[in-house]
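Next come the chains, spelled out residue by residue.
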Amino acid sequence: MFGAGGGTSSYREAEDTNLIILWGSNARETHPIFFHHVLRGMRNGARLVAVDPRRTSSAEWADVWLGIDVGSDIALANAMARVIIHAGLADTEFIKRATTGYDDFARCVDAYPLDRAEAETGVPAAAIKETALEYARVKRGMICWTLGITEHHNAVDNVLALINLALLTGKVGRYGCGLNPLRGQNNVQGGGDMGAIPARMPGFQDLEDPAIHDKFSRAWGGAEFPGRKGWHLSEMFEAMDRGELRSVYIVGENPARSEADQTRAVRLLSGLDHLVVQDILLTQTAEMAHVVLPAAAGWAESEGTVTNSERRVQRVRRALQPPAGARDDIDIICDLARRLGFDWGQPTAEQVWDECRGLSPMHAGMAYRRLDELGGIQWPCPDESHPGTQFLHARLWKDPAEGRLAPFHAVEHDPPVDRLTAEFPIRLTTGRRLDSFNTGVQTGGYTSPLRRGEALLISPEDGKRLGVADGECVRASSRRGSVEVDVRFEPSLRPGLAFMTLHFPDEVSTNVLTIDATDPKSGTAEFKASAIRIDKLAGVPSN
């Protein structure tokens with residue numbers, strides 16, 4: 001953020017802060033390693049606030065749970081900001097020195113008094129006010145979020161609303177403060193850092209900047225490659241739908257099961273002229289492919305680096321040889337390039353990394369030797385005498401502030417696209433559980449004492465109203481399709497709210513129900529907010 005695509009803080013800071021707000025994050029189950037740092041912080045006196053529609057296992061640990069209605073995060077954040085401003089707790093010196101756009105932001109949030117916020121969010125006005133004042137008053141405070149914020153049609157605006165709160169109170173660029181998107185999978189941060197973003201080269205350098213483009217072209221022997229932004233994932237599927245994208249190469253992804261509106265995704269993937277899948281397992285997407293390239297498991301069978309949510313680059317070492325027929329990703333890609341007329345040789349993982357850090361200033365000082373010696377290094381690390389950067393944006397506290405000032409953004413509440421109606425009266429939100437991973441390809445073959453299979457979790461009150469029994473198989477339908485699934489009563493859910501995962505697509509195709517309404521800025525689909533109805537199946541007696 002503010003030009004750097006990573007969380008501002010280190011994990012250690014969660015142990016030394018005064019207040020942690022987990023916003024749209026069930027970190028206890030989805031980021032358990034980070035949650036250990038949260039627990040250490042709580043033992044050291046920090047308070048925990050959980051903002052989540054469900055009373056998750058994370059919320060059970062919290063001092064305060066704000067049971068927000070799905071998709072009303074901006075209304076809550078704006079109301080908190082208004083409370084802080086009206087209480088005279090805004091950090092006016094920091095705002096004047098280090099930010100832009102404050103006046104427009106202040107006018108925007110003034111339209112979110114507590115009574116409106118309570119009506120939009122379902123959170124009591126007193127709880128909103130108490131949380132806002134506590135966040136403003138503590139010396140150190142952190143906001144952490146995950147997919148509960150970003151899997152919405154207005155994902156970027158949701159994030160901007162949280163950034164506004166940190167800027168308003170000066171809780172960024174200081175130890176124990178910050179804004180932290182907890183990455184949903186191992187090395188998601190590293191993927192973005194390496195340029196897996198349509199308009200970015202490694203190190204978040206702008207592909208459309210001619211100087212950046214020319215730098216990479218020279219390093220690659222004058223290679224010609226596009227100098228304009230490409231498609232993100234949602235735009236790729238739109239291009240498939242238009243017939244403009246006819247060949248796709250998928251590495252380590254299972255979109256036939258992970259994409260919203262699964263029926264549409266499978267239809268479009270099935271209609272391609274050529275589909276190549278490179279993966280460690282034969283996923284449902286790989287089963288559809290014209291060519292499958294078996295790859296080594298990066299976490300055990302390859303050399304390389306990964307980057308976690310605190311921007312720490314760490315070494316990965318080969319523990320065992322891949323099975324016969326599976327090959328390292330680098331070897332596969334270099335052999336493919338050779339057949340396409342570009343001989344890149346047979347570089348080692350370290351040689352690839354050295355080329356990367358020679359082109360990416362924020363990785364320049366991260367030689368393998370130093371990564372080994374220091375147990376990983378947090379970017380930016382501009383040279384080999386630099387220790388890495390524990391927290392970002394300390395520059396904003398210099399007088400005058402260095403570099404680009406941090407902008408406020410006026411953002412407005414915009415409810416979910418899939419509206420609740422008499423026909424579809426229940427809000428389905430999706431997420432993950434501790435025992436399983438994404439579409440279940442890597443975890444489904446292993447047993448777990450925690451695993452109970454897929455079910456549609458609803459409140460006991462909704463079960464009684466619908467006349468269905470705990471464990472009964474029902475039909476759940478959205479505007480896109482239907483699935484048959486067992487109901488499980490979950491006391492932590494409020495009436496009108498249901499929950500499912502996508503861990504068991506062979507049992508229940510959850511993403512048949514989800515909507516592919518996407519955020520125009522990030523391309524993220526609104527997995528968290530679908531409207532459904534629940535019907536009893538014929539022949540099943542009433543409860």
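First things first, this report covers the structure right here in the doc. Keep in mind the model is a prediction, meaning the values are calculated, not measured.

Scoring rules and cut-offs
- Residues numbered from 1 in each chain as written.
- Predicted model: local features only at pLDDT ≥ 70, side-chain atom pairs only at ≥ 80, totals over all residues.
- Heavy atoms only, no water.
- Helix = DSSP H or I, 4+ residues; strand = E, 2+ residues; numbered from the N terminus.
- Buried < 20%, exposed > 50% of the residue type's maximum accessible area, 1.4 Å probe, protein only.
- Contact = heavy atoms within 4.5 Å.
- Areas by Shrake-Rupley, 256 points an atom, 1.4 Å probe, with all protein chains shown as cover.
- Lys, Arg positive; Asp, Glu negative; His and termini not counted.
- Charge placed at Lys NZ, Arg CZ, Asp CG, Glu CD.
- Polar contact = N/O pair within 3.5 Å; in protein donor to acceptor, adjacent residues only side chain to side chain.
- Pairing = 2+ DSSP bridges.
- Axes fitted to C-alpha atoms, helices over the stretch in contact; angles between N-to-C directions.
- Salt bridge = Lys/Arg side-chain N within 4 Å of Asp/Glu carboxyl O.
- Phe/Tyr/Trp six-rings, centres within 6.5 Å; stacked < 30°, edge-to-face > 60°.
- Lys NZ or Arg CZ within 6 Å of the ring centre and 35° of its normal.
- Core = buried A, V, L, I, M, F, W, Y, C linked by side-chain atoms within 4.5 Å.
- Patch = residues over 30% accessible without salt bridge, like charges linked within 9 Å, V, L, I, M, F, W, Y side chains within 5 Å.
- Parallel < 35°, antiparallel > 145°, perpendicular 65-115°, else oblique.
- Nonpolar A, V, L, I, M, F, W, Y, C, P; charged D, E, K, R; others polar.
- Arc of directions from axis to C-beta.

**Remarks on the overall build of the protein chain**
Step number 1: The helix and strand inventory of the protein chain stands at 20 helices and 21 strands.
Step number 2: In terms of overall dimensions, the protein chain has C-alpha extents of about 65 × 65 × 45 Å along its principal axes.
Step number 3: Classification of the 543 residues of the protein chain by burial places 53% in the buried group.
Step number 4: Sequence-distant contacts in the protein chain: of pairs separated by 6 or more residues, those separated by 24 or more amount to 69%.
Step number 5: When the accessible surface of the protein chain is summed, it comes to about 23,800 Å², and 52% of that surface belongs to carbon and sulfur atoms.
Step number 6: Charge centroids of the protein chain, computed over 60 positive and 73 negative side chains, lie 3 Å from each other.

**Looking at the side chain of T169**
Step number 1: With respect to the element layout, T169 can be found in helix α10 (residues 155–169).
Step number 2: Here L165 takes part through its backbone oxygen, which lies 3.0 Å from a polar atom of the side chain of T169.

**So, the sheet that holds strand β11 (residues 291–294)**
Step number 1: Taking strand neighbours across the sheet as the criterion, the 3 strands line up as β9-β10-β11 in an open arrangement whose pairing is parallel. With partners counted over all chains shown, the strands left at the sheet margins are β9 (247–251) and β11, one partner each. Averaged over all pairs of adjacent strands, the angle between their axes in this sheet comes to 10°, without regard to strand direction.
Step number 2: The pairing of strand β10 (residues 274–279) with β11 spans 4 bridges and is classified as parallel. Note on β11: the bridge partner recorded for V277 is V292.

**Quick notes on the pattern of salt bridges**
A side chain of one charge can pair with a side chain of the opposite charge when the charged atoms of the two come close.
Step number 1: As enumerated under the stated definition, the model contains 37 salt bridges in all.
Step number 2: Linking R318 and D328 is a salt bridge whose minimum nitrogen-to-oxygen distance equals 3.8 Å. Highlighted residues: R318 in the loop between β13 (312–316) and α17 (329–339) and D328 in the loop between β13 and α17, separated in sequence by 10 residues.
Step number 3: Exposure remark for D328: the relative accessible area of 10% places this residue in the buried category.
Step number 4: As a salt-bridge pair, D335 and R338 come within 2.5 Å of each other at their nearest N and O atoms. Residue D335 and its partner R338 are both found in helix α17; the two are separated by 3 residues, about one turn of the helix.
Step number 5: Counted as one network, the salt bridges with shared partners bring together D354, R357, R369, E373 and E384.

**Some remarks on the packing of aromatic side chains**
Step number 1: Scanning all chains against the criterion turns up 10 aromatic pairs.
Step number 2: With a centroid separation of 6.5 Å and 70° between ring planes, the pair formed by F35 and W61 is classed as edge-to-face. With a gap of 26 residues between them, F35 in helix α2 (residues 32–43) and W61 in helix α3 (residues 57–61) connect regions that are remote in the sequence.
Step number 3: Taking NZ or CZ as reference, R54 lies 3.7 Å from the ring centre of F499, over its face.

**Quick look at the sheet that holds strand β1 (residues 19–23)**
Step number 1: The strand order across the open sheet built from 5 strands is β3-β2-β1-β5-β6, with neighbouring strands paired in parallel fashion. Of all the strands in the sheet, just β3 (64–66) and β6 (178–181) have a single pairing partner and so form its edges. The mean inter-strand angle of the sheet, taken between neighbouring strand axes irrespective of direction, is 15°.
Step number 2: Along the sheet face, helix α4 (residues 73–86) touches β1, β2 (47–51) and β3 and points at about 155° away from the line of β1.

**Here's the deal with unusual backbone geometry**
Step number 1: A cis amide bond, omega 0°, links W379 with the succeeding residue P380.
Step number 2: Looking at the secondary structure, you find P380 in the loop between β14 (377–378) and β15 (406–407).
Step number 3: In this structure, D261 takes a positive phi of about 55° despite not being glycine.
Step number 4: Along the chain, D261 turns up in the loop between α14 (255–258) and α15 (262–270).
Step number 5: The exposure class of D261 is buried, given its relative accessible area of 11%.

**As for the nonpolar core**
Step number 1: Counting residues in each nonpolar core, the largest one holds 52 residues, and the members touching the most others are W23 and L165.
Step number 2: For W23, the contacting residues outside a window of four places in its chain are V51, D73, L76, A77, M80, C144, W145, T146, I149, L162 and L165.
Step number 3: Of all hydrophobic cores here, the second largest spans 17 residues; its members include L428, V474, V487 and A498.

**Overview of a nonpolar patch on the surface**
Step number 1: On the surface, Y249, V251, I333, L336, L340, F342 and W344 cluster together into a nonpolar patch covering about 700 Å² of accessible area.
Step number 2: Elements represented by at least two residues in the nonpolar patch include exactly β9 and α17.

**With respect to helix α13 (residues 233–242)**
Step number 1: Turning to α13, its buried residues are S234, F237, A239 and M240.
Step number 2: Against β9, α14 and α15 lie the buried residues of α13.
Step number 3: Of the residues one or two after α13, G243 is the one with positive phi, at around 85°.

**Points about the packing of α4 against helix α6 (residues 102–109)**
Step number 1: Where α4 meets α6, the axes come as close as 9 Å, and the angle between the chain directions of the two elements is 105°. Classed by the angle they form, the pair α4 and α6 counts as roughly perpendicular. In contact with N78, A81, R82 and I85 of α4, α6 contributes Y102, F105, A106, C108 and V109.
Step number 2: Here the contact of α4 with α6 is composed, by residue class, of 7 nonpolar, 1 polar and 1 charged.

**Description of helix α12 (residues 210–219)**
Step number 1: Looking at α12, one finds that the buried residues are I212, H213, F216 and S217. For α12, the buried positions fall inside an angular range of 135° around the axis, keeping them on one side. Exposed and facing more than 90 degrees away from the buried side of α12 are P210, A211 and R218.
Step number 2: Residues of α12 that are buried in the fold lie against β7 (200–201), β8 (205–206) and α18 (349–359).

**Some remarks on the pairing of strand β5 (residues 141–145)**
Step number 1: With 5 of its 5 residues buried, β5 lies for the most part within the structure.
Step number 2: Burial along β5 is two-sided: G141, I143 and W145 facing one way and M142 and C144 facing the other are all buried.
Step number 3: Here β1 runs beside β5; their pairing, made up of 5 bridges, is parallel. The residue of β5 that forms the bridge with L19 is G141.
Step number 4: Direction of pairing for β5 relative to β6: parallel, over a ladder of 4 bridges.

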